[in-house]
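The residues making up each chain are set out below.
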Amino acid sequence: LWIGVGTPDYNQDRQTTALFAEFSVPLLDNLLMDLSIRDETVDDDSVNDLDQTTYSVGFNYQPTDYATFRASWNSSFIAPSLPQLYNSPTLQGLSQTTDPFTGSAEFTARTTGGTRTLRPEEADVFNVGATFSFLDNDLTLSIDYKYFDFTDRIIRPASQEVLDAEAATAVANGFALTEAGLAAFEAAGLNNPLISRSSNPGRLLELVTTDQINAQSMEWKGFDTSINYAFDANEIPYIGGDYGQFN
């Protein structure tokens, strides 16, 4: 079951211009340093400046014919897309929610739209790895550790997260999580305008708008491993022939 409507039309355009340079510098016979820089200019009607300059530096060290070690760091960014910036709020369906002020549990309508104040996602990316070769380079083993440190990650919060954040603001300002506390909170003008409640007794939720926002931070880390073995088809017993090389 899908409850919602199509997104209204909008007319926006964007022009992106990028310049990129990369340098490889041999520090030793078996040690190579890579440097790069990228400057990107984004021309559109966004509220925030989306222009970015990113950098990277990496090292590749091969002490023997069968072992290679590498390490790198690079900065990166992703500009918010045009739909993330300019989509009009549209009904996206129903969400199971519980209002922290009234304790009422219900299915609440949810709308989602673009946010013109979005900032680009940014990240620092770190990588450390090694590759080992055996059997005349027919067998290779690789392992890499990767770490991503994101800031301003673009997300769409759930309806309950929007409600809980409003409740946390109320408590921080000394308002009780009751229907009377809600009335005082609204009278002070501190309530979240993205949340609509009925004016009738019980103050049931009517609509929660969950627009795109920039999250403060997010981290991701993990390992990539691979094993690769190459052999000629004529080495396959009984059916071998001149079919080339397999990996």
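Residues numbered from 1 in each chain as written. Predicted model: local features only at pLDDT ≥ 70, side-chain atom pairs only at ≥ 80, totals over all residues. Heavy atoms only, no water.

## Looking at the environment of Leu19
Piece 1. You can see Leu19 is positioned in strand S1 (residues 15–28).
Piece 2. A relative accessible area of 61% places Leu19 in the exposed class.
Piece 3. C-alpha of Leu19 to C-alpha of Thr53: the two residues are 34 residues apart in sequence and 9.5 Å apart in space.
Piece 4. Setting aside anything within four residues of it in sequence, one finds Leu19 in contact with Ile37, Arg38 and Asp39. (Helix = DSSP H or I, 4+ residues; strand = E, 2+ residues; numbered from the N terminus. Buried < 20%, exposed > 50% of the residue type's maximum accessible area, 1.4 Å probe, protein only. Contact = heavy atoms within 4.5 Å.)

## Digging into the sheet that holds strand S11 (residues 205–209)
Piece 1. Reading across from one edge, S5-S6-S11-S10 is the order of the four strands in this open sheet, with mixed pairing throughout. Each edge of the sheet is formed by a strand with only one pairing partner; in this case those strands are strand S5 (90–98) and strand S10 (195–197). The mean inter-strand angle of the sheet, taken between neighbouring strand axes irrespective of direction, is 25 degrees.
Piece 2. Summarising the sheet, S10 and S11 pair through three bridges and their orientation is antiparallel. Paired with Ile195 across the strands is Val208, a residue of S11. (Pairing = 2+ DSSP bridges. Axes fitted to C-alpha atoms, helices over the stretch in contact; angles between N-to-C directions.)

## Quick notes on helix H3 (residues 179–187)
Piece 1. All of the buried residues along H3 are Gly181, Leu182 and Phe185. The buried residues of H3 occupy an angular sector of 105 degrees when the element is viewed end-on, so they sit on one face. Facing away from the buried surface of H3 by more than 90 degrees, the exposed residues are Ala180 and Ala187.
Piece 2. Looking at the buried side of H3, the elements it contacts are helix H2 (159–172) and S10.
Piece 3. Of the residues flanking the end of H3, it is Gly189, one or two places downstream, whose phi is positive at about 75 degrees. (Arc of directions from axis to C-beta.)

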